[in-house]
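Here is how the chains run, residue by residue.
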Amino acid sequence: LGDGDGAGVIIGLYNNDEELGSPITFVFFSLAVIAFCICLLNLFIAVHSEAYDKAQETAHISFLQERAAICLNCLLMPSWPPAGCCKVKHPRRVCCCIYVLSFIVWGVLISNRQLHPWVASFTLLGGSLLADSVLLQLPWSKEDSQKYYFWICHRDDFDEKFSACPEDSDLPGRLSSV
C-alpha cells in the first residue's frame, strides 16, 4: 500500500510477536487508507466541479470579452507603411529576405576584427526592426477606410432579460436559478 517501510511499521504495531501484525491492525489500516482516499477524491471532485460551474457561468461573456479585445488590438495596431508609401504585396517574403540579408551582413561584420561587435549587433537590430515594420501592414488600406465598418452582431432571437441576473434576486449566478 505504499513505498518504503511506512505501511510495514503501521501494520507491525501491536504485533504480539507476529511478523505481519495482527489481522485487526491490517483491517483497520486498510479501511483507514480506503476511507481517506475516497474522502480526498470526493473533495478534489467537489472543488473542480465548483470551479467548472463558476467558469461555465461566465463562459459566454468571457468569450465575447476576449473577442472584443482581439478586435480592439487589431484595430489599434500600428501600421506600416505610412500614408503615401507603396504597400508591399508579399510582406512575409519581403520579411524573410530582410532577415536573411541582415544575418549575412551581421555575419560579415562580426567576423571583421577591426569593428566593434556592437556595430554588427545594431545592424542586426535594424534589420529586425525593418522586417517587423513590414509585417505591420494592415490588411486594408487607409484610403479605403470609408468602405469598412465595425459591426457588433448578435443573434436574431437575443433577449436581454436572459443575459444578466434578475434585478430582484439577491443571489448571484447559478444560485439565483435554483
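As the structure is a computational prediction, the values presented were derived from the model and not from experiment.

1. Remarks on the overall build of the protein chain
Here's step 1: Each helix and strand in the protein chain was counted, giving five helices and zero strands.
Here's step 2: Ordered by position in the sequence, the α and β elements of the protein chain form the string α-α-α-α-α.
Here's step 3: Burial status across the protein chain gives 12% buried among its 178 residues.
Here's step 4: Put simply, 58% of the contacts in the protein chain that link residues at least 6 apart link residues at least 24 apart.
Here's step 5: Working note: accessible area of the protein chain is about 15300 Å², and carbon and sulfur atoms make up 66% of it.

2. A look at the confidence of the model for the protein chain
Here's step 1: Residues of the protein chain with pLDDT of at least 70 account for 61%, and the chain-wide mean is 76.
Here's step 2: Of all helices and strands in the protein chain, the one with the weakest mean pLDDT is helix 1 (residues 6-11) (66), whereas helix 4 (residues 91-111) scores best (93).

3. Observations concerning the packing of aromatic side chains
Here's step 1: Per the stated rule, a full pass over the model turns up one aromatic pair.
Here's step 2: Their ring planes at 80 degrees and their centres at 5.7 Å tell us that Trp118 and Phe122 sit as a pair that is edge-to-face. Note that Trp118 and Phe122 are positioned in helix 5 (residues 117-135) at a spacing of four residues, about one turn of the helix.
Here's step 3: Take Trp118: its relative accessible area is 47%, and that puts it in the partly exposed class.

4. Some points on the packing of helix 4 against helix 5
When two helices pack together, their arrangement is given by the angle between the helix axes and the distance between those axes.
Here's step 1: Look at helix 4 against helix 5: their axes get within 9 Å of each other, and the N-to-C directions meet at 180 degrees. One finds that helix 4 runs roughly antiparallel with respect to helix 5.
Here's step 2: Of the residues assigned to the contact of helix 4 with helix 5, the class counts are 18 nonpolar, five polar and two charged.

5. Section: the side chain of Ser102
Here's step 1: Note on placement: Ser102 falls in helix 4.
Here's step 2: Taking relative accessible area as the criterion, Ser102 reaches 7% and is therefore assigned buried.
Here's step 3: Leave out the neighbours within four places in its chain, and Ser102 touches Leu124 and Gly127.

6. A word on the state of the cysteines
Here's step 1: Enumeration over the complete set of coordinates arrives at zero disulfides.
Here's step 2: In this structure Cys37 is a free cysteine whose sulfur lies 9.5 Å from that of Cys39, the closest cysteine sulfur available.
Here's step 3: Looking at Cys37, the relative accessible area reads 43%, which means it is partly exposed.
Here's step 4: Here Cys96 stays free of any disulfide, with the sulfur of Cys95 as its closest cysteine sulfur at 5.7 Å.

7. A look at the side chain of Ser133
Here's step 1: Within the secondary structure, Ser133 is located in helix 5.
Here's step 2: Among the polar contacts made by the side chain of Ser133, one reaches the main-chain carbonyl oxygen of Leu130 at a distance of 2.7 Å.

8. A word on the environment of Asp132
Here's step 1: Here Asp132 shows up in helix 5.
Here's step 2: According to the relative accessible area criterion, Asp132 is partly exposed, its value standing at 37%.
Here's step 3: Sequence separation between Asp132 and Tyr99 is 33 residues; the distance between their C-alpha atoms is 9.7 Å.

9. Considering the environment of Leu136
Here's step 1: Examined against the element boundaries, Leu136 turns out to sit in the segment after helix 5.
Here's step 2: According to the relative accessible area criterion, Leu136 is partly exposed, its value standing at 29%.
Here's step 3: Taking the C-alpha atoms as reference, Leu136 lies 8.8 Å from Pro91; in sequence the two are 45 residues apart.

The rules behind the values
- Residues numbered from 1 in each chain as written.
- Predicted model: local features only at pLDDT ≥ 70, side-chain atom pairs only at ≥ 80, totals over all residues.
- Heavy atoms only, no water.
- Helix = DSSP H or I, 4+ residues; strand = E, 2+ residues; numbered from the N terminus.
- Buried < 20%, exposed > 50% of the residue type's maximum accessible area, 1.4 Å probe, protein only.
- Contact = heavy atoms within 4.5 Å.
- Areas by Shrake-Rupley, 256 points an atom, 1.4 Å probe, with all protein chains shown as cover.
- pLDDT = per-residue confidence, 0-100.
- Phe/Tyr/Trp six-rings, centres within 6.5 Å; stacked < 30°, edge-to-face > 60°.
- Axes fitted to C-alpha atoms, helices over the stretch in contact; angles between N-to-C directions.
- Parallel < 35°, antiparallel > 145°, perpendicular 65-115°, else oblique.
- Nonpolar A, V, L, I, M, F, W, Y, C, P; charged D, E, K, R; others polar.
- Disulfide = S-S within 2.5 Å.
- Polar contact = N/O pair within 3.5 Å; in protein donor to acceptor, adjacent residues only side chain to side chain.

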